[in-house]
Amino acid sequence: MALRFHRPSLLHHQPPQCPPKPAPRRPLSSPPHYFSSYTPTATPPTPLLMSGSSASSEPLGTSTRRWSWGRRLRTHPQLAVKAASSAPAHIQVGDNPNNPTEDSPSSAAPSPAVSFRSREPKDVTVVVTGSTGYIGKFVVRELVRRGFNVVAVARERSGIRARNDREKTVQELRGATVCFSDVTDLDILQGSLEGFGGAPVDVVVCCLASRSGGIKDSWQIDYGATKNSLVAGCGRGAAHFVLLSAICVQKPLLEFQRAKLKFEAELEEAALSSGGSLTYSIVRPTAFFKSLGGQVEIVKDGKPYVMFGDGKLCACKPISEEDLASFIVDCVMDDDKINKILPIGGPGKALTPLEQGEMLFRLLGKEPKFLKVPIGVMDFAIGVLDFLVKIFPSLEDAAEFGKIGRYYAAESMLVLDPETGEYSAEKTPSYGKDTLEEFFKRVIREGMAGQELGEQSIF
Ligand SMILES: NC(=O)c1ccc[n+]([C@@H]2O[C@H](COP(=O)([O-])OP(=O)(O)OC[C@H]3O[C@@H](n4cnc5c(N)ncnc54)[C@H](OP(=O)(O)O)[C@@H]3O)[C@@H](O)[C@H]2O)c1
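Model, not experiment: these values are computed from the prediction. (Residues numbered from 1 in each chain as written. Predicted model: local features only at pLDDT ≥ 70, side-chain atom pairs only at ≥ 80, totals over all residues.)

A.B. asks: With reference to specific residues and values, describe helix α10 (residues 353-364).
C.D. replies: Spanning 12 residues, α10 covers 16 Å between terminal C-alpha atoms, matching the ideal 16 Å at 1.5 Å per step. Three or more residues of α10 are buried, namely Pro353, Gln356, Gly357 and Leu360. Summarising the axial view, the buried residues of α10 lie within an arc of 100 degrees, below the 170-degree limit, and thus occupy one face. In this structure, the buried side of α10 is in contact with α8 (296-300), β8 (305-308), β10 (370-373) and α13 (436-446). Immediately beyond the C-terminal end of α10, within one or two residues, lies glycine 365, with a positive phi of roughly 65 degrees. (Helix = DSSP H or I, 4+ residues; strand = E, 2+ residues; numbered from the N terminus. Expected span 1.5 Å × (residues − 1). Buried ≥ 20, exposed ≤ 12 C-beta atoms within 10 Å, placed from the backbone. Arc of directions from axis to C-beta. Contact = placed C-beta atoms within 7 Å.)

Quick look at the structure:
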């Protein structure tokens, strides 16, 4: 894929001119030109290339190789240079008493490497992968609004069913530098980030997610491409990684959850062993509005509200795109969000499907009409699909989608209290101001535009 870059154009809406083709890729054994002014002899992070990129011959997620990114990051001259260059003059990397050592927990106080936090947002470069997604778009918008220097990584065709061309993508990501690249290929991604010749990368925000939710795609995106974002970002000096994950990974029964969890664990390990030069924030939101709005127009048309069991099997504290994006952007600079897993919900109390349905009928001024489907129906369908997969392996994604549907029908999107083993609304933090009630009112008025579900129509 050709690499192209759009510089942000705040003054006019024409897609800005692409610069000439980026400089030829440096040989992997030579230092990136970017760092040459600091350490001409620096060697590139070649070992980090052993990532889950699509070039790997090993199936993603099944690798038995142990990764030790942190050790490589710590010993990597480029990253040390970056850490040193961003540290106040009186602090040297390695001798800061606040620096976590190999044995100390990664939740220690911020190290010199995160001193980008002392700069103005305009002097902080944030790379966003998954920038064209439901949440990613709002993250880019919020970063731009707060004045950060934003590099949004996107595909040549983006959006649900690839409906946006480059021009539309650039329009949607106004104010950011759009870097057209391929996150599934580490070499290409690294080349892209080297190619734009801008400021060093300070932070990576990853909002990538499989569009299909299929097994292979989940491993390729929620694990492999996410990992590529980290490796490529760190190769450009990133000192902080913000990951958009999901609260449901607490109880991992699905492949995309396992893929996310595997990356989360590796990210924590990398930060722990980086000597403080890499920190992270893992954001685990509850349900998005788009996942709860699917029945508004159906009910408006007079049909019953469908729910499983008695409608109380699961609950969530839904959060809007704007509110979640704001929380994610807080994670870029806030010291109190460093090296933490951050479950997050929207404002107000947790709502069951029954309560959501009641709210909807009230807003529509209609008599409540529910269709209660026994959860066993789903179990039966999943059982049949699991059996068929043994004969027709090509049905494995269909079986997985059944399991995803079953999971969301029965599991709460709330913090799972380790003491009780129960979901806890009280332990699920709230953030923001947008309520589901306001969202339902808007969908009743204006429809679900902008709230479309992914290709599998499940989430
Ligand atoms: N739905 C919920 O209620 C809920 C609740 C909590 C957490 N979450 C989590 O939130 C995360 C983000 O969700 P979302 O709804 O914002 O996701 P989304 O709208 O599906 O966006 C996915 C992003 O990843 C990119 N992507 C996917 N496959 C790609 C590929 N092969 N190559 C390059 N880019 C690729 C997409 O790019 P393109 O535009 O080019 O396709 C898009 O930017 C997910 O991890 C999800 O599990 C969801």
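A.B. asks: Tell me about the confidence of the model for the protein chain, residues and numbers included.
C.D. replies: Across the protein chain, the average pLDDT comes to 79, with 73% of residues at or above 70. Counting contacts from residues 1-114, a segment whose pLDDT is below 50, to residues more than four positions away or on other chains yields 180 contacts. (pLDDT = per-residue confidence, 0-100.)

A.B. asks: Break down the nonpolar core for me, citing the residues and quoting the values.
C.D. replies: Core analysis: the largest hydrophobic core is formed by 104 residues, its most contacted members being Val139, Ala152, Val205 and Ile328. Shared between two domains, this core holds at least three residues of each, these being domain 1 (4-15 + 29-285) and domain 2 (290-318 + 346-459). When near neighbours in sequence (up to four residues on either side) are disregarded, valine 205 contacts Val126, Val128, Val139, Val242, Ile328 and Val332. (Core = buried A, V, L, I, M, F, W, Y, C linked by C-beta atoms within 7 Å. Domains from an automatic or database assignment.)

A.B. asks: An account of the environment of lysine 300 is needed here, citing residue identities and associated values.
C.D. replies: Along the polypeptide, lysine 300 turns up in helix α8. For lysine 300, a count of 15 C-beta atoms within 10 Å translates into the label partly exposed. Between the C-alpha atoms of lysine 300 and leucine 360, which are 60 residues apart in sequence, the distance is 8.8 Å. Leave out the neighbours within four places in its chain, and lysine 300 touches Leu364 and Ile444.

A.B. asks: Could you give an account of the packing of helix α5 (residues 186-195) against helix α6 (residues 215-235), with specific residues and numbers?
C.D. replies: A pair of packed helices is captured by two measures, namely the crossing angle of their axes and the spacing between those axes. Packing of α5 against α6 leaves a shortest axis separation of 9 Å and a crossing angle of 35 degrees. Once α5 is placed against α6, the crossing between them reads as right-handed. Contact residues: Leu186, Leu189, Gln190 and Leu193 in α5; Asn228, Val231, Ala232 and Gly235 in α6. In terms of residue class, the contact of α5 with α6 is built from five nonpolar, three polar and no charged. (Axes fitted to C-alpha atoms, helices over the stretch in contact; angles between N-to-C directions. Left-handed = near helix turned anticlockwise from the far one by under 90°. Nonpolar A, V, L, I, M, F, W, Y, C, P; charged D, E, K, R; others polar.)

A.B. asks: Just give me the short version of the packing of α10 against α13, but keep the residues and values in it.
C.D. replies: Contact geometry of α10 with α13 gives a least axis separation of 10 Å together with a crossing angle of 50 degrees. The orientation of α10 relative to α13 falls into the category oblique. Like other packed secondary-structure pairs, α10 and α13 cross with a definite hand, here right-handed. In this structure, α10 contributes Gln356, Met359, Leu360, Leu363 and Leu364 to the contact, and α13 contributes Leu436, Glu437, Phe440, Lys441 and Ile444. Split into classes, the residues belonging to the contact of α10 with α13 amount to seven nonpolar, one polar and two charged. (Parallel < 35°, antiparallel > 145°, perpendicular 65-115°, else oblique.)

A.B. asks: Tell me about unusual backbone geometry, and name the residues and values.
C.D. replies: When glycine is set aside, most residues are seen to have a negative phi, and most peptide bonds are trans. If you check the backbone angles, arginine 161 has positive phi at about 50 degrees while not being a glycine. Mapped onto the elements of the fold, arginine 161 is located in the loop between β3 (149-154) and α4 (166-172). Positive phi is not limited to glycine here, since alanine 162 has a value of about 50 degrees. Among the secondary structure elements, alanine 162 is positioned in the loop between β3 and α4.

A.B. asks: If you had to explain the pairing of strand β7 (residues 279-285) to someone new, which residues and values would you point to?
C.D. replies: Counted residue by residue, β7 has seven buried out of seven residues, so it is predominantly covered. Here β7 shows a buried face lined by Thr279, Ser281, Val283 and Pro285 and a second buried face lined by Tyr280, Ile282 and Arg284. Here five bridges tie strand β6 (residues 240-244) to β7, and the two strands are oriented parallel to one another. Each residue of the ladder has a partner; that of valine 242, found in β7, is serine 281. In this sheet, strand β9 (residues 340-344) lies alongside β7 in parallel orientation, the contact comprising five bridges. The partner of isoleucine 282 across the bridge, within β9, is isoleucine 341. (Pairing = 2+ DSSP bridges.)

A.B. asks: Tell me what's going on with the environment of leucine 254, and back it up with residues and numbers.
C.D. replies: Turning to its location among the elements, leucine 254 is positioned in the loop between β6 and α7 (255-272). Leucine 254 sits in the buried class, given 21 other C-beta atoms within 10 Å. Leucine 254 sits 149 residues away from lysine 403 along the chain, and the two C-alpha atoms are 7.2 Å apart. Once you skip the residues sitting within four places of it in the chain, leucine 254 turns out to touch Glu400, Lys403, Ile404 and Tyr407.

A.B. asks: Requested: an account of the environment of lysine 433, with residues and values cited.
C.D. replies: By secondary structure assignment, the location of lysine 433 is in the loop between β12 (423-424) and α13. The residues contacting lysine 433, other than those within four sequence positions of it, are Asp323 and Pro347.

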